[in-house]
Amino acid sequence: DVIDKATKEEEARKDDKPWPITKEVAAQFACEVFGLSGIDITKVKEFVSYDDRNFFLPAVTYTNAETCVTETLDVIFKVHNGVESDQPLLIGAHNAVLSHLIKEGVNVPEPLAVKQGGDKIGWIKLQRLGQPTTMRSHAVRLLRYLPGLVIDQRQEEKPELLHDLGAFIGNMDHKLRLLPEVPVGLAGRVLLWDLTHVPALERFSSSIVDASNRALQQQVIARFNHLVVPKLPSLRRAVIQNDANEQNVLIDETRSHVTGIIDFGDCLHTCLIFELAICIAYMMLGKKDPMGTAASIYKGYLTQMDLTADEKEILPCLVAARLVQSVTMGAYSHGKDPTNEYLLLTAKTGWEALRICTSITEPHFLERLEQ
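Worth saying up front: this structure is predicted, and the values here are computed from it rather than measured.

> Outline the overall build of the chain, listing residues and values.
Helix and strand content of the chain: 11 helices and 11 strands. Computed over C-alpha atoms, the radius of gyration of the chain comes to 20 Å, within 12% of the 21 Å expected from 2.2 N^0.38 for 371 residues, which places it in the range of a compact globule. Along the longest, intermediate and shortest principal axes, the C-alpha atoms of the chain span 55 × 45 × 40 Å. Buried residues in the chain amount to 54% of all 371 residues. Considering only intrachain contacts with a sequence separation of at least 6, the fraction spanning at least 24 residues in the chain is 76%. Carbon and sulfur atoms make up 52% of the accessible area of the chain, which amounts to about 15,200 Å² in all. Charged side chains of the chain number 39 positive and 49 negative; the gap between the two group centres comes to 1 Å.

Structure (structure tokens):
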């Protein structure tokens, strides 16, 4: 049962998050695996993360083993969770997607090679969470840091920025459709964060403490089963980034243009329309005018990509479904890791956005997008 597999994998991600390491240890590993030098420990920072551990290392010296070019650059040292570390083909597929997009002119993090050979995946050993006497291998990557402001949650954004975001996501999807083939690690990938698996969220309902919120979750899942599930086999499929949220979109200092996108950890081969729905869902969070926000993104996307009639019909339900996915899994994950407030980012505004989405009919929602 694929949903059983996806559910167990999501649970395992929380239990197999990398053992906490200091920035000094992270820097040492980065030097050993990728040959970095010139690291100023006082400037190294760990970023909050869902399942992995990510360290920012500014102004380091790196020599590319393939080209023998040495440069000073800012990088992210990423330690993958145990689930992904057991799937090196998946991590390799993520690297292939990033490299393809860079070649096509889309601004995403560049994966860098280890110090010996051309491989872009390295390995370290850490203690295991809950089993400190046991060691396990974790995959590590070095990614070129993308400068820019994280778009984050704000009450208002310029319509031109939101339109540009839609166009950026649409262009990215267009370029991803030019992949010569689906990378092996993404073919058949089962991930609970794939909107296909929204019905599986019922298994996590008990993590939602508030009864009215839990009832709303059930309502959206039921609607998804009725409207979306019958259409899934006929929808266009593609490799998508799958997580264009307010922490992953980068913008310029004037808040007028999108400059890049980060975090392809949830990238997979699934229904193309999910990409737009996910972006709209997250960008509605905390907005004074969530429907106006959605409309600007929608119109920007359509400048790069056309949608089929079926894709348009189910889009409002998919937006609500992604919000349900986020608040449900955030509640579940926070129960596993109560000290990680990052896991509740969507919860603060997610339920409010969800109530707005479900307070109007889907045809009216679509009508608002196209006004």
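> Please provide a residue-by-residue account of the pattern of salt bridges, values included.
For the coordinates displayed, the defined rule picks out 19 salt bridges. With a closest N to O distance of 3.5 Å, Lys 312 and Glu 370 form a salt bridge. Of the two residues, Lys 312 sits in helix α9 (residues 309-336) while Glu 370 sits in helix α11 (residues 362-370), which places them 58 residues apart along the sequence.

> Break down the side chain of His 197 for me, with residues and values.
Within the element layout of this structure, His 197 appears in the loop between α5 (159-176) and α6 (211-227). Those residues in contact with His 197 that sit more than four places away from it in its chain are Val 2, Ile 3, Ala 6, Val 190, Leu 191 and Leu 192.

> Describe the sheet that holds strand β9 (residues 249-251), with residues and values.
Spatially, the three strands line up as an open sheet ordered β7-β9-β10, and their pairing is antiparallel. This sheet does not close on itself; its edge strands, each paired only once, are β7 (149-150) and β10 (258-261). Here β7 runs beside β9; their pairing, made up of two bridges, is antiparallel. Paired with Val 150 across the two strands is Leu 250, which belongs to β9. α5 rests against β9 and β10 of the sheet, and its axis sits at about 40 degrees to β10.

> How would you summarise the packing of α5 against helix α7 (residues 273-283) if you had to cite specific residues and measurements?
The geometry of a pair of packed helices is captured by two quantities: the angle between their axes and the separation between those axes. Interaxial distance between α5 and α7 falls to 10 Å at its minimum, and their mutual angle equals 155 degrees. Regarding the angle of α5 to α7, the classification is roughly antiparallel. Note on packing geometry: the crossing formed by α5 with α7 is right-handed. When α5 is examined against α7, the residues Leu 165, Ile 169, Met 172, Asp 173 and Leu 176 are found in contact with a partner set consisting of Glu 275, Cys 279 and Met 283.

> So, unusual backbone geometry: which residues are in play, and what are the values?
In most cases, non-glycine residues show a negative phi, while peptide bonds are predominantly trans. Look at Ala 59: it is not a glycine, yet its phi comes out positive at around 50 degrees. When you line up the elements, Ala 59 lands in strand β2 (residues 53-63). Residue classification places Ala 59 among the partly exposed positions, given a relative accessible area of 45%. The phi angle at Asp 152 is positive, at roughly 60 degrees, despite the residue not being glycine. As for its placement among the helices and strands, Asp 152 is situated in the loop between β7 and α5.

> Could you give an account of the pairing of β10, naming the residues involved and the relevant values?
As defined by bridge partners, β9 adjoins β10 across three bridges and the pair is classed as antiparallel. Across the sheet, Val 249 pairs through a bridge with Ile 261, a residue of β10. Between the end of β9 and the start of β10, which pair antiparallel, lie six residues, with Arg 255 showing a positive phi angle near 55 degrees.

> Could you give me a rundown of the packing of α9 against helix α10 (residues 347-358), with the residues and numbers involved?
Two elements in contact, α9 and α10, have axes separated by 9 Å at closest approach and are oriented at 155 degrees. When the axis of α9 is compared with that of α10, the two are roughly antiparallel. Along this stretch, α9 crosses α10, giving a crossing that reads as left-handed. Contact residues: α9 offers Val 319, Ala 320, Leu 323, Val 324 and Val 327, while α10 offers Ala 347, Gly 350, Trp 351, Ala 353, Leu 354, Cys 357 and Thr 358. Here the contact of α9 with α10 is built from residues that sort into 10 nonpolar, two polar and no charged.

> Provide a residue-level description of the environment of His 138, including the pertinent values.
Along the polypeptide, His 138 turns up in strand β6 (residues 131-144). Here His 138 falls in the buried class, since its relative accessible area comes to 1%. On a C-alpha basis, the gap between His 138 and Asp 263 in space is 18 Å, while along the polypeptide they are 125 residues apart. When sequence neighbours within four positions are dropped, the list of residues in contact with His 138 reads Asp 16, Pro 18, Val 79, His 80, Asn 81, Gly 82, Ser 85, Gly 122, Trp 123, Ile 124 and Leu 126. A polar contact of 2.8 Å, which involves the side chain of His 138, links it to the backbone oxygen of His 80.

> With reference to specific residues and values, describe helix α1 (residues 2-15).
The terminal C-alpha atoms of α1 lie 20 Å apart, and with 14 residues this matches the ideal 20 Å at 1.5 Å per residue to within 8%. Every buried residue of α1 is listed here: Ile 3, Ala 6, Thr 7, Glu 9, Glu 10, Arg 13 and Lys 14. Buried residues of α1, viewed axially, fall in a sector of 160 degrees; they line one side. Tucked into the core, α1 has its buried residues touching α3 (82-85) and α9.

Definitions and cut-offs
- Residues numbered from 1 in each chain as written.
- Predicted model: local features only at pLDDT ≥ 70, side-chain atom pairs only at ≥ 80, totals over all residues.
- Heavy atoms only, no water.
- Helix = DSSP H or I, 4+ residues; strand = E, 2+ residues; numbered from the N terminus.
- Rg over C-alpha atoms; globule rule 2.2 N^0.38 Å.
- Buried < 20%, exposed > 50% of the residue type's maximum accessible area, 1.4 Å probe, protein only.
- Contact = heavy atoms within 4.5 Å.
- Areas by Shrake-Rupley, 256 points an atom, 1.4 Å probe, with all protein chains shown as cover.
- Lys, Arg positive; Asp, Glu negative; His and termini not counted.
- Charge placed at Lys NZ, Arg CZ, Asp CG, Glu CD.
- Salt bridge = Lys/Arg side-chain N within 4 Å of Asp/Glu carboxyl O.
- Pairing = 2+ DSSP bridges.
- Axes fitted to C-alpha atoms, helices over the stretch in contact; angles between N-to-C directions.
- Parallel < 35°, antiparallel > 145°, perpendicular 65-115°, else oblique.
- Left-handed = near helix turned anticlockwise from the far one by under 90°.
- Nonpolar A, V, L, I, M, F, W, Y, C, P; charged D, E, K, R; others polar.
- Polar contact = N/O pair within 3.5 Å; in protein donor to acceptor, adjacent residues only side chain to side chain.
- Expected span 1.5 Å × (residues − 1).
- Arc of directions from axis to C-beta.

Read these as spatial facts, not as claims about activity.
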